[in-house]
Amino acid sequence: MNRFDIVIVGGGIAGASLGAELASKASVLILEREDSAGYHSTGRSVAFWEETYGGRMVQPLTTASGPLLRSPDADFSAHTFLSPRQTLHIGRAGEEAARERLMEEFAGRVELDPVDPLQLVPGLRPQWTVGLLEPAVCDIDVAALHEAYLRQFRARGGQLRLGLSLESASRSGSSWRIHTREGVIECGVLVNAAGAWADDVASRSGIARIGITPLRRTVVQLRVPDLPSADLPLIMDLSSRFYFKPEGEGRVWLTPHDEEPSLPCDAAPEELAVAEAIARFQDVVDWRIEAVERKWAGLRSFAPDRAPVFGFDEAVPGFFWFAGQGGFGIQTAPAAALLGMSLLTGDAAVAPVAGIDVRAYSPKRFN
Ligand SMILES: Cc1cc2nc3c(=O)[nH]c(=O)nc-3n(C[C@H](O)[C@H](O)[C@H](O)COP(=O)(O)OP(=O)(O)OC[C@H]3O[C@@H](n4cnc5c(N)ncnc54)[C@H](O)[C@@H]3O)c2cc1C
């Protein structure tokens, strides 16, 4: 069959989660260019759930996703996707104002406790005297979550087509005609969940671009034999120059928090960013680095105001944006998918997303 109610372009966490919610209500095809649906940003994340990450616009989505990730329905997953981690936000002496700002931003929303970081992290260098603990932060099993969404999508009758791209699309009457190298696919609604390619897919469909910009982020896996414990918190700079977290015994994942504008592509790490990451790490802890075991980069794609974009395009009917998930697309996926489904079908939003103001995420805000 070459006609569907809905075609979703992109099989990463955004397309997979929204597809799983929609597949019991409509005939849905996910079109994914790569041979593996998690090849781009979804497969390259650092895999944490942190309510303060991404700021106040993002926090309601992260918070609402928490219970769905922690205690999923049994038919979705027999296991939780979260494991406790905590984040320790740190700053140097004199950076107390950054701690105050974070506490003010999330007062009454997220538990944040001032602490002495030197008491919590063996080997922390003495200048790091400012600390703020975010106890609820967890690691996410990203591969299991993505797989669970794809499994649910298929179980509900959805079709996933790997290795096939939207080349272009045009609106004809009340349908979209999507051109692929294997012919035309028709649908009523075209969903843009193309991550770093969101603006590219819009252009190819005759829709005005929003200005969703891919920013490259580098991650390094270090072998650190002196790592005091694999249970240490994620350690995040209050001034956004690095974060790192244990990844099992004697290993850490580290990023210099880089945000290098990029064209949409198969992102690769730059040596300069790797060197910067290591230099910053060595300024924070005295743990010996035995080896750089792995390095990778991925694209985090942001709308101009850094909030996600969920909703129908105003100018052309049947084109639905589900893009701009930046650095928070995994931790917000369950709530975003429920909101996306409600916006797309017109059904009322259900708990736990019923109270979230979706206007903040509408593509109309850019007109
Ligand atoms: C280094 C790094 C660390 C991160 N850490 C975290 C974290 O700890 N927690 C968190 O919540 N988030 C994190 N993120 C962000 C998160 O990974 C992204 O927000 C999320 O993966 C975006 O998902 P997506 O489905 O929109 O994009 P993607 O996973 O990139 O999927 C988009 C898909 O669209 C496909 N596509 C594009 N154009 C076409 C076309 N024309 N036809 C067919 N298919 C097409 C692509 O092939 C791609 O597979 C991190 C990101 C990076 C890079």
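Residues numbered from 1 in each chain as written. Predicted model: local features only at pLDDT ≥ 70, side-chain atom pairs only at ≥ 80, totals over all residues. Heavy atoms only, no water.

Q: Give me empty space enclosed by the protein: which residues, what numbers.
A: One pass over the structure, following the stated rule, counts 3 cavities of 30 Å³ or more. Taken as a whole, the largest cavity encloses approximately 810 Å³ of empty space. Lining the largest cavity we find 50 residues, and of these His40, Ser41, Thr42, Gly195 and Leu299 sit closest to its centre. Of all elements in the fold, only α1 (13–22), β2 (28–32), β13 (213–223), β18 (291–302) and β20 (319–323) reach the threshold of two or more residues within the lining of the largest cavity. No other element matches β18, which puts 5 residues into the lining of the largest cavity. Of the residues assigned to the lining of the largest cavity, the class counts are 25 nonpolar, 19 polar and 6 charged. (1 Å grid on protein atoms, 1.4 Å probe; cavity = no way out; pocket = protein on both sides within 12 Å on 5 of 7 lines; lining within 4 Å. Points joined across faces, edges and corners; volume = space filled by probe spheres on them. Helix = DSSP H or I, 4+ residues; strand = E, 2+ residues; numbered from the N terminus. Nonpolar A, V, L, I, M, F, W, Y, C, P; charged D, E, K, R; others polar.)

Q: Let's hear about the pattern of salt bridges: which residues, and what values?
A: When charged atoms on two side chains of opposite charge get close, those side chains can pair. All told, the structure shown has 26 salt bridges when counted by the stated rule. The shortest N-O distance in the salt bridge between Arg216 and Glu270 comes to 3.9 Å. Of this pair, Arg216 sits in strand β13 while Glu270 sits in the loop between β17 (260–261) and α7 (271–284), and the two are 54 residues apart along the sequence. Using a relative accessible area of 15% as the deciding quantity, one classes Arg216 as buried. Each of Arg217, Glu259, Arg300 and Arg306 takes part in a single network of salt bridges with overlapping partners. (Salt bridge = Lys/Arg side-chain N within 4 Å of Asp/Glu carboxyl O. Buried < 20%, exposed > 50% of the residue type's maximum accessible area, 1.4 Å probe, protein only.)

Treat this as a map of the structure, not an account of what it does.
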